[in-house]
Amino acid sequence: MTSQAPTSTNLTWLSHTTHHTRVSNAYLQLRGSDTKMQFEFVKDMPRAAQPEMTIDISFLVGKVIFVWMIMLLFPVILSNLVYEKQQKLRTIMKMHGLGDMAYWTISYCYFLLLSLLYMLFLVVFGSWAVTGYLFTIGSGYLAEYLFRPIFEDMSLSRSWTTLMEFFPPFSLYRIIYEFSPPPSPFYRTDFSGIQWGDLSDRKNGMKEILIIMALEWATFLLLTFFLDEFGTLRNGIRKMVSVCHSSVDESSPASQKQTIQLQEFKYSVEMDRIDVLREREIVEQLLQESDSGYSIICDNLKKVYHGKDGNAEKIAVTGLSLSMQRGQCFGILGPNGAGKTSLISMLTGFTKPTSGTAYINGMDIRLDMGKIYTGIGVCPQFDLLWETLTGREHLMFYCRLKNLRCAALDRAVEQSLKSVRLFDGGVADKRVAEYSGGMKRRLSVAISLIGDPKVVYMDEPSSGLDPASRRALWNAVMSAKQNRAIILTTHSMEEAEALCDRIGIMVNGSLQCIGNSKELRAKYGGTYVLTVTTAASEEEVVEQLVRSLCPAANRVYRISGTQKFEMPKQGLRISQVLQVMEHAKSWLNIAAWGLSDATLEDVFIKVASESDISSV
């Protein structure tokens with residue numbers, strides 16, 4: 001028989017045997033007997049060594065729990081990306097100059113660091129059983145009860161196992177399976193772990209798994225970039241076709257001439273307003289010039305939302321042509337649903353135009369939005385802010401996107417905070433979650449003006465502001481208008497008159513009129529408004545007096561003795577009205593009277609009403 005080295009159990013047994021032998025011999029000597037007991041060749045019955053039992057429940061839960069814990073970070077990463085996409089924070093960062101490559105590089109490095117720290121804490125401090133999302137739980141169960149029996153069955157082809165390992169949770173499970181200890185200390189005693197040399201062993205399949213995971217890493221990165229860039233397959237094809245058309249247009253002068261002719265042909269002639277038609281003619285001339293010097297040129301922009309579930313399609317913007325020089329603020333007025341926000345959305349890249357295009361500083365919004373974003377500022381209709389950042393941190397972030405550094409950055413942030421009244425009282429260093437609605441609005445305006453953008457879009461910037469804050473905001477916009485082109489949408493006629501060099505009124509998706517405030521009042525507000533307050537019993541007498549001055553006068557308001565009359569300007573002399581009213585005060589009980597020119601609000605109401613009637 002071959003001798004074996006004594007185990008710890010055998011050594012313990014021999015020690016106990018020697019002790020019992022000595023005790024027995026001492027007892028026999030006391031009894032006077034010379035007999036001695038010999039136990040040198042007595043051995044215990046061979047039996048399996050019993051290791052020290054430790055508390056280990058890992059074999060009960062198997063390897064599924066580790067797949068869950070590691071993959072639990074995936075929904076966290078995905079939810080962060082979806083949050084930025086849903087809240088349009090990604091888009092507003094892109095509009096302020098953050099490129100796609102920089103965004104994804106920073107995001108990847110951040111989440112990679114987060115994953116490494118997660119794994120570090122998981123290894124160092126252990127883990128707890130977790131309940132994950134449906135994908136994580138389902139992946140673990142599929143790996144344990146579907147994938148494991150397949151790769152453990154040696155009679156099946158290995159190609160099926162390799163194919164299934166392209167599903168990331170399965171490859172992760174296989175790695176954990178090969179690295180994991182035996183399910184019970186009673187089953188397997190020769191496990192010593194995987195060494196570097198074992199990677200080439202086809203039994204564990206580690207080499208193939210690592211190759212598959214490397215391919216998946218590259219594939220998912222490219223897939224993420226493609227989906228982010230092109231969205232759906234339809235948008236991707238449309239974008240690639242646009243790029244191909246642009247390359248053909250650039251290489252063929254004849255094609256350029258044909259494109260211009262088609263654009264001139266497609267211009268609608270349905271609009272009979274002279275100022276709008278004149279604006280279209282200006283746009284046509286500018287499109288034929290190589291360097292127009294205009295910041296914004298809209299060429300027959302149209303946006304149609306296709307109907308769903310049997311609903312008719314909605315034309316949000318139709319046939320809009322517009323030109324803007326630097327140093328101008330153009331105001332867009334219109335009732336709700338007129339197409340103002342849809343226009344801003346197309347110009348800022350939120351949505352794609354159905355037809356037509358626009359040029360921002362000479363760049364086409366269909367092809368060059370990545371370049372356009374570096375030179376524009378945007379104040380959207382709804383505030384797109386991080387609730388956990390402060391106002392100062394927001395401005396510092398967007399300043400860095402505009403390549404401001406060091407002293408210039410601090411100076412720009414401080415000046416911007418002061419211009420919108422967010423500097424005093426420590427407001428700048430409070431989290432945005434603590435801001436009121438008006439404070440968030442002012443911060444959004446400050447973000448749109450930071451970094452000296454050449455084109456700025458403001459969609460109802462003063463909504464929700466008190467009069468003092470609104471006035472401070474107007475001053476900031478007025479001072480920022482120098483060497484910039486600003487498009488501003490608003491429902492406030494006072495704001496439009498205070499800030500805008502030119503005003504356009506949109507109704508039902510089309511531009512109805514365009515000009516400065518004075519021109520619009522003169523052209524579309526062709527009436528004077530006479531207001532007279534008397535006793536209620538003298539209302540009829542006052543009406544007869546006004547009609548003697550102007551037979552075409554129209555009473556538009558009457559309540560408790562106060563009446564308002566619209567009188568056409570044509571053929572009416574203001575001096576005659578003044579004389580008659582002053583004389584009437586001697587024989588009528590006139591408490592007050594006044595004559596005023598038509599306001600911008602009157603123009604807006606008239607244009608909107610006429611457009612609604614004509615569209616019926």
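Treat the numbers as computed from the prediction; the structure is a model and nothing was measured.

Draft legend 1. Highlighting the sheet that holds strand β8 (residues 485–489). The six strands lie next to each other as β6-β7-β8-β3-β9-β10, forming an open sheet whose pairing is mixed. If you trace the sheet from one side to the other, it starts and ends with β6 (376–379) and β10 (510–515), each paired once. The average angle at which neighbouring strand axes cross in this sheet is 15 degrees, direction not considered. Against the sheet, helix α21 (residues 517–524) engages β9 (502–507) and β10, with an angle of about 110 degrees to β10.

Draft legend 2. Representation of the side chain of T490 within the structure. Relative to the assigned elements, T490 resides in the loop between β8 and α20 (493–499). Classification of T490 as buried rests on a relative accessible area of 4%. Polar contacts involving the side chain of T490 include one to the side chain of E495, which spans 2.6 Å. Apart from the residues lying within four places of it in its own chain, the contact partners of T490 are I332, L333, E460, E495 and A496.

Draft legend 3. Structural context of the confidence of the model for the protein. When the pLDDT values of the protein are averaged, the result is 77; 74% of them are 70 or greater. Helix α12 (residues 253–266) is the least confidently modelled element of the protein, averaging 43 in pLDDT, while β8 averages 92, the highest of any element. Below a pLDDT of 50 lies the segment residues 1–14, which in the model reaches four contacts outside its immediate sequence neighbourhood of four places, other chains included. Within the model, pLDDT remains below 50 along residues 257–272, and this stretch shows 21 contacts once partners closer than five positions in the same chain are excluded.

Draft legend 4. Structural detail: the packing of aromatic side chains. Applying the stated rule across the entire model yields four aromatic pairs. Pairing Y103 with W104 gives two aromatic rings, centres 5.2 Å apart and planes at 80 degrees, and the pair type is edge-to-face. In this structure Y103 comes out as buried when scored by relative accessible area, which is 7%. We classify W104 as partly exposed; its relative accessible area is 22%. Arranged with centres 5.6 Å apart and planes meeting at 80 degrees, the rings of W386 and F397 form a pair that is edge-to-face. Taken together, the residues W386 in the loop between β6 and α16 (391–401) and F397 in helix α16 connect sequence positions eleven residues apart. An aromatic cluster of three or more residues is present, and its members are W386, F397 and Y398.

Conventions used here
- Residues numbered from 1 in each chain as written.
- Predicted model: local features only at pLDDT ≥ 70, side-chain atom pairs only at ≥ 80, totals over all residues.
- Heavy atoms only, no water.
- Pairing = 2+ DSSP bridges.
- Helix = DSSP H or I, 4+ residues; strand = E, 2+ residues; numbered from the N terminus.
- Axes fitted to C-alpha atoms, helices over the stretch in contact; angles between N-to-C directions.
- Contact = heavy atoms within 4.5 Å.
- Buried < 20%, exposed > 50% of the residue type's maximum accessible area, 1.4 Å probe, protein only.
- Polar contact = N/O pair within 3.5 Å; in protein donor to acceptor, adjacent residues only side chain to side chain.
- pLDDT = per-residue confidence, 0-100.
- Phe/Tyr/Trp six-rings, centres within 6.5 Å; stacked < 30°, edge-to-face > 60°.

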